[in-house]
Amino acid sequence: MMVRLFACFLLILFSVTIRAQTVLSGKVVDSVGHGIANLSIAYQEKGNSIILGFTRTGPEGRFSLHVKSKQDSLLLTLSHLSYGKKDTVLVNKTAYHHISMILSPQILKEVQVGPPPIYKRKDTINYTVESFTDKQDRVIGDIIKKLPGIEMVGDRILYQGKAIQKYMVNNLDLMGGRYGMINKNLPADAVKKVQLIENDQPIKILDSVVFSDRASLNLELKKYTTTGSGELAVGYKPVLWKVNLTPMTFNRTFQSLHTFQSNNIGLDVSQQTQMYYTGSNGIIDRAENIIRSGGSFMSLRHVAVPGFDQRKWLDNRIFMVSSNVLKKLKDSTEIKGNITYYHDLQKREGYTYSQIFAPEQEVIISEDIHNRYRAHNLEGGMALEKNEKKIYLKNDFRFRRRWNDDEGQLLFNNEEPIQQNKMYRDFSIANKLSGAKHVGKQLVSLSSLISYGETPQQLTVVPGQFVDIVNNGMPYDRLIQQVHIKQFNTENAISFSRSINGWLITPKFEIGYQQQQLNSDVELAKGNDNWILGNDFTNDQRAGQLKSSLNIGLQRKWRKWMVTLNIPYYLNVNDLRQNGVRSDPETRSFLNPGGSVRLKWNEYNEVSLSGSYQTHYSGLTNRYAAYIISNYRNIQRYRPRLLENNAWHNSVYYRYRNTLDAVFANLSYAYSRSHRDYIFRNTIDDNGLNTISIEDQNSGNWSHRWSGNGSKLFSSIGTTVKINGKIGFGRSDYLLNDIMGQRKNMDYGGGIEIINSSWSFLSVQYKTNWGTSISTLADNTRYRVMTNVHDFDVSVYPVENHSFTWNNAFYITNVEAQKNQLFMDIIYRWTLKKTRTDLEFSCINLLNNNQYIQRFNSDYAVIESYFDLRPRQFLISYKFRF
Amino acid sequence: MELLVNPDESVFRAKKRGVLDSVLQASLEGKSSTNNFGLIRANQTPINYYIYKTADSIITQEDYQLGFNKEQFYIEKKIFDWQISPDTITIGGMKCQQATTDFGGRKWIAWFAPEVPINDGPYKFRGLPGLIVKVYDSKEQWSFNLRSLRKIQRKVTVKFDRNDPPDFMQKKEVFANKKYYIRNRMKIEEASGLVRPKDEKSRRSGLERDRKRAEQDNNWIELYDAIVH
């Protein structure tokens, strides 16, 4: 002890002689004169709360403090857990002080610190919901779209520019990709944190075997509970209603979501049934989107819908019910079932003015459009999944039935009325079984998919069109185009994965068969006569494809690097029977190599490179040789031959992520080039009738695209800032009225979003996006379309439980006829805390804007469209929670 | 993790470890039934160090091995050289000031609350004029954050007895032992007779698991290379 004290003194002496600074020294004693050890002594300048230096008393209560300040007097703070705090003001002069303190047990203020807004634990980024919640926010989707690093494109959630692969609540995936329904209805205050799991491998048996670079999202609830949102609203004018009853239950082993929604206020709630998962090209694809509907071959002439908030323009009447349940059994098997039905009626009215630049002529068409779309949709499925470390087993069964009846009244060039009716029916059913298990040192994976579908459809046009082509120039009353498709598909695969010297090697064999039967005919009618057109308009085709492939997949991860390589070899046999005549089977074999390299060079930075070369032969649906009328002024046919496409894709992706500073950013570049051994021949006549067929002529296109996103949370001022930008250019070949041309196009744009919630009486959100696209045709005609949107939302909370929200949207375009439009909505909300309900009064489209004009470029046309908007409306709604 | 402080000493340990110790102590003293298996299982934790701080020493207890009396102790007379900076933020309503120090091969950034007269903090950190509310390394690989501060009155049983101190080892030695153990867990446990693999295959997979674990467990709070070399 003596030695140590001596050393201590020596040190002080040295400092005094070397630096001529003030040294406060002394002794702190208790009431009986004993030195107090381990007491801290800090000094600050008077009037400044920042501590400039500190020291601690030694075993005898002695201290010495070197002061760097030049101020005359200093505030010395002494603190000790047993003696409390004592402040003394001293003169800034080297001196010895004797200070005494009295034992006074401390009562500390109890402190509860919320978790930080964003923190990372292993591969999981946790967003504390409370830190991002504003008084206006009700459902979890309101929070998710504000989080730094996350963007929402429509209802799809992207993390660092890439779609999430899974959306779970308490680690269970109830909705199987249709997560919009949870996102729009789960009350935000039931959720504790939003978790983003980077590099997540959702299949446990593949965990740490097959590496993933995709992210999953999990919502951790505050407790296992029954919750959900409800809303009842009425309005004027016309008579408006909105009903939403969505109770949901999240228990340890059981989850359910039921919903009943109906409205005519412009909310297309059927979007909540959309599946957002995209399949993976890994060893096992667990996505549930196994149903493929038969395509629609015909359509009404549409009027382009405005590219902004649906509620401002969608004239709808929708009714939807859906039931979803998940049960986790004792042996960890999950059983999921769901069924959804909706009935939707939409009215779209507007006016389209098209300028088509055919070589040597310019065709101008005007169309006054009144369309009604009626849809019934029934969809359901059941899934059984056992996802364990030792075994993976999944069976998905899904079906879908659709009944669509659309009706269109059109006035062509202000003089000729044309009526169109479209009928579309679709029935599809599919089952997929997949599994994986270790056999010896290998991981064996199996999958088998089988699907069947039938899609009858019909388009009726009155009076008959294409008189020159179909009726020797003689007018007739009615044209009926019928198409009936039946399709069958099976895909089966087996793969063996094995790790050799750190490389995961996976040979995969695949065999499948696809068949499609296509029947179509065109019936014309005049008076009481009706007749069916000949061979040029009648398809009776059965196309089949036997697909087999062998893929060698390679993967390696070491330290900061990850490499994957896939070299699939395909051998396809195609057969075709047309009008009862069978042609010789055609065989195609090709390699589709692809690979990627990822470097995660430190905690924050990651870069990946990927490239692929793909050969692809046109599917079964576009081998028909007889014309099909796809709308009242479009007629199309293909050739029975196989159409070849070759494409080359390269991309670079860079990502920066610093959760401590809450900074997220990503940049990507993509180059693609494709080559085809055919080109679409477009012929447009003076009346705007478009004939599309296939020409045996090589064609191609290429493009370069750059895009980037960045976001940061400034937690001290409660503000999140997000920015995005993009630029792209490319060229593509076209053949119009027998002349080959090349279209150059370029687009660029950017946006910024600022979300502020630092004040308790006010929250502000501002978002702007602008974009420009330029097309240049072969004859150097150049079209430039610019759009710019500003959204500015302010909510004020003057008194507790009352709020006013003012939403502004300002749309700017460079269309000459269009004056820039400002939309305004006002919402007053009264929150009843006790019952956790809201009473809301809103006025939508306060300025009563009734038409929206937009202009856009298609391949060789500029289309200007006028769309009728929803008029000014008032709505009273009652919102509650389950 | 919990930091238990009284005027003379403090303990920093995993909260679950604390529960386990109390349970074991209670059953040793015959105060509770011996069948606490459920409670013990629910409180398993991979964090197996304790930090005892007295006025002049920091004593670390590492018990990563299976079996009894496997604790290893080392003592440090560490005085942190904190550089105070004028930056302040508010955490949980407390005004905090920033300080930095180098320790265990990393640069650490700490935020302390002068209004709380506790010169202590998480892990081995201490020596600032106020409680360390947040401390993290500059690479953001390790971060300790205060969740709550409460006054409790409870008897805490720890394995370190001031009056009958254990045999202290060198810090280096403990680090090297731990590294060796992680790398060769299977062999050591086999040799000690605690574990017997079912067959050669499971033995081999155990060895492989150890190798992987050792490879992954390379980012200790105090960097191995900074302590041992």
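Computed from a predicted structure; not experimentally measured. (Residues numbered from 1 in each chain as written. Chains lettered and ligands numbered in written order. Predicted model: local features only at pLDDT ≥ 70, side-chain atom pairs only at ≥ 80, totals over all residues. Heavy atoms only, no water.)

Below, the discussion takes up the side chain of A:Arg623. All names here are of chain A. For Arg 623, the position within the fold is in the loop between strand S34 (605–617) and strand S35 (628–631). Judged by its relative accessible area of 2%, Arg 623 is buried. Setting aside residues no more than four positions away along its own chain, Arg 623 makes contact with Gln 541, Asn 574, Asp 575, Leu 576, Glu 586, Tyr 638, Arg 639, Pro 640, Arg 641 and Leu 642. (Helix = DSSP H or I, 4+ residues; strand = E, 2+ residues; numbered from the N terminus. Buried < 20%, exposed > 50% of the residue type's maximum accessible area, 1.4 Å probe, protein only. Contact = heavy atoms within 4.5 Å.)

All names here are of chain A. That bond from Val 462 to Pro 463 is cis: its omega, -5°, falls within 30 degrees of zero. Here Pro 463 is to be found in the loop between strand S25 (442–462) and helix H5 (467–470). Backbone geometry places Arg 559, a non-glycine residue, at a positive phi of 45°. Structurally, Arg 559 can be placed in the loop between strand S29 (539–558) and strand S30 (561–578). Among the residues examined, Arg 559 registers a relative accessible area of 77% and is labelled exposed. Despite not being glycine, Asn 845 shows a phi value in the positive range, around 60°.

Counting residues at the interface gives 26 residues for chain A, matched by 35 residues for chain B. Of the roughly 2900 Å² buried at the junction of chain A and chain B (both faces included), carbon and sulfur atoms supply 55%. At the junction of chain A with chain B, the criterion picks out zero salt bridges. Our count for the chain A to chain B interface comes out at four residue pairs in polar contact (both at pLDDT 80 or more). At the level of secondary structure, the elements contributing two or more residues to the side of chain A that touches chain B comprise strand S2 (40–45), strand S3 (53–56), strand S5 (73–80) and strand S8 (111–112) of chain A. Its residues placed into classes, the side of chain A that touches chain B shows 11 nonpolar, 10 polar and five charged. Of the strand pairs in this sheet, S8(A) and strand S11 (residues 148–149) of chain B are connected by two bridges, and their pairing is antiparallel. The partner of A:Val111 across the bridge, within S11(B), is B:Leu149. (Buried area = accessible area lost by both parts, 1.4 Å probe. Salt bridge = Lys/Arg side-chain N within 4 Å of Asp/Glu carboxyl O. Polar contact = N/O pair within 3.5 Å; in protein donor to acceptor, adjacent residues only side chain to side chain. Nonpolar A, V, L, I, M, F, W, Y, C, P; charged D, E, K, R; others polar. Pairing = 2+ DSSP bridges.)

With that settled, consider the side chain of A:Thr772. Residues and elements named next belong to chain A. Turning to its location among the elements, Thr 772 is positioned in strand S44 (residues 762–776). With relative accessibility at 4%, the residue Thr 772 sits in the buried group. Residue contacts for Thr 772: discarding those within four places in its chain leaves Met 746, Asp 747, Tyr 748, Arg 784, Val 785 and Met 786.

What follows covers the confidence of the model for chain B. Close inspection of predicted coordinates is inappropriate in any region flagged by low pLDDT. In this model, chain B carries a mean pLDDT of 83, and residues with pLDDT of at least 70 account for 94%. When mean pLDDT is taken per element in chain B, strand S8 (residues 106–113) of chain B scores highest with 93 and helix H2 (residues 37–42) of chain B scores lowest with 72. (pLDDT = per-residue confidence, 0-100.)

Looking at the assigned domains, one finds that chain A contains domain 1 (20–100) and domain 2 (118–250). In this structure, domain 1 of chain A and domain 2 of chain A have C-alpha centres spaced 53 Å apart. (Domains from an automatic or database assignment.)

Residue and element names in this part refer to chain B. Across the sheet, which stays open at both edges, the five strands sit in the order S6-S7-S8-S9-S10 with antiparallel pairing between neighbours. Taken across any chain shown, the strands that pair with only one partner, and hence form the sheet edges, are strand S6 (83–91) and strand S10 (143–145). On average, adjacent strands in this sheet sit at an angle of 25° to one another, irrespective of strand direction. By the bridge criterion, seven bridges tie strand S7 (residues 94–103) to S8 in an arrangement that is antiparallel. In the strand pairing of S8, Asp 102 is matched with Lys 107. (Axes fitted to C-alpha atoms, helices over the stretch in contact; angles between N-to-C directions.)

For the rest of this paragraph, the subject is the pairing of strand S6 (residues 84–91) of chain A. All names here are of chain A. Pairing of S5 with S6, which is carried by eight bridges, proceeds in the antiparallel orientation. Within S6, the residue paired with Leu 74 across the bridge is Leu 90. Connecting S5 to the antiparallel partner S6 that follows it, the hairpin turn spans three residues.

All names here are of chain A. Ranked by internal contacts, the top residues of the largest apolar core, which has 52 residues, are Phe 297 and Leu 479. When near neighbours in sequence (up to four residues on either side) are disregarded, Leu 479 contacts Leu 459, Thr 460, Val 461, Gly 464, Gln 465, Phe 466, Val 522, Glu 523, Leu 524 and Ile 629. In terms of nonpolar packing, the next biggest core, distinct from the first, is built from 44 residues, Phe 132, Met 248, Phe 250 and Leu 326 among them. (Core = buried A, V, L, I, M, F, W, Y, C linked by side-chain atoms within 4.5 Å.)

All right, on to the environment of A:Ser583 then. All names here are of chain A. Looking at where Ser 583 falls in the secondary structure, it is placed in the loop between strand S31 (581–582) and strand S32 (586–591). Residue Ser 583 is classed as partly exposed on the basis of its relative accessible area, which comes to 36%. Considered as a pair, Ser 583 and Pro 640 are 57 residues apart in the sequence and their alpha carbons are 9.9 Å apart.

Here we come to a positive patch on the surface. Judged by side-chain charge, A:Arg121, B:Lys15, B:Arg147 and B:Arg150 come together as a positively charged surface patch. Mapped onto the elements of the fold, A:Arg121 is located in strand S9 (residues 118–121). (Patch = residues over 30% accessible without salt bridge, like charges linked within 9 Å, V, L, I, M, F, W, Y side chains within 5 Å. Areas by Shrake-Rupley, 256 points an atom, 1.4 Å probe, with all protein chains shown as cover. Lys, Arg positive; Asp, Glu negative; His and termini not counted. Charge placed at Lys NZ, Arg CZ, Asp CG, Glu CD.)

Residue and element names in this part refer to chain A. In the sheet, S25 pairs with strand S26 (residues 478–500) via 19 bridges, with the strands oriented antiparallel. Across the sheet, residue Val 444 finds its bridge partner in S26, namely Phe 496. Two strands pair when backbone bridges link them, and S26 and strand S27 (residues 503–526) are joined in this way by 21 bridges, in the antiparallel orientation. Along S27, the bridge assignment pairs Asn 492 with Ile 511. Remark: two residues form the turn of the hairpin made by S26 and S27, two consecutive strands paired antiparallel; Asn 501 in that turn has positive phi of roughly 50°.

Residue and element names in this part refer to chain B. Here helix H1 (residues 15–28) contains 14 residues, and its C-alpha end-to-end distance of 20 Å stays within 8% of the 20 Å for a straight helix at 1.5 Å per residue. Taken together, the buried positions of H1 are Arg 17, Gly 18, Leu 20, Asp 21 and Val 23. Buried residues along H1 sit in contact with strand S1 (2–5), strand S2 (10–13), H2 and strand S3 (49–53). (Expected span 1.5 Å × (residues − 1).)

This paragraph deals with the pattern of salt bridges. All names here are of chain A. Under the definition given, this model contains 49 salt bridges over all chains. Between Asp 137 and Lys 146 there is a salt bridge, and its shortest N-O distance comes to 2.6 Å. Arg 829 serves as the salt-bridge partner of Asp 838, at 4.0 Å between the closest nitrogen and oxygen. This pair shows no difference in class: Asp 838 is buried, exactly as Arg 829 is. Bridged by salt links that share partners, the residues Arg 138, Arg 829, Asp 838, Glu 840 and Lys 879 form one connected network.

Let's shift gears to the sheet that holds strand S14 (residues 166–169) of chain A. Residues and elements named next belong to chain A. Pairing within the open sheet is mixed, and its five strands lie in the order S9-S10-S15-S16-S14. One side of each edge strand has no neighbouring strand; the edge strands of this open sheet are S9 and S14. Along the sheet, successive strands turn relative to each other by an average axial angle of 20°, direction set aside. The sheet contact formed by S9 and strand S10 (residues 124–128) spans four bridges and is antiparallel. Paired with Ile 118 across the strands is Tyr 127, a residue of S10.

Turning next to the packing of helix H4 (residues 185–192) of chain B against helix H5 (residues 200–216) of chain B. Residues and elements named next belong to chain B. Between H4 and H5, the least distance of the axes is 8 Å, while the angle of their chain directions is 130°. Considered as vectors, H4 and H5 are oriented oblique to each other. For the pair H4 and H5, contact is made by Arg 185, Met 186, Lys 187 and Glu 190 and by Ser 202, Arg 203, Gly 206, Leu 207, Asp 210 and Arg 213, respectively. Class assignment of the residues belonging to the contact of H4 with H5 gives a composition of two nonpolar, two polar and six charged. (Parallel < 35°, antiparallel > 145°, perpendicular 65-115°, else oblique.)

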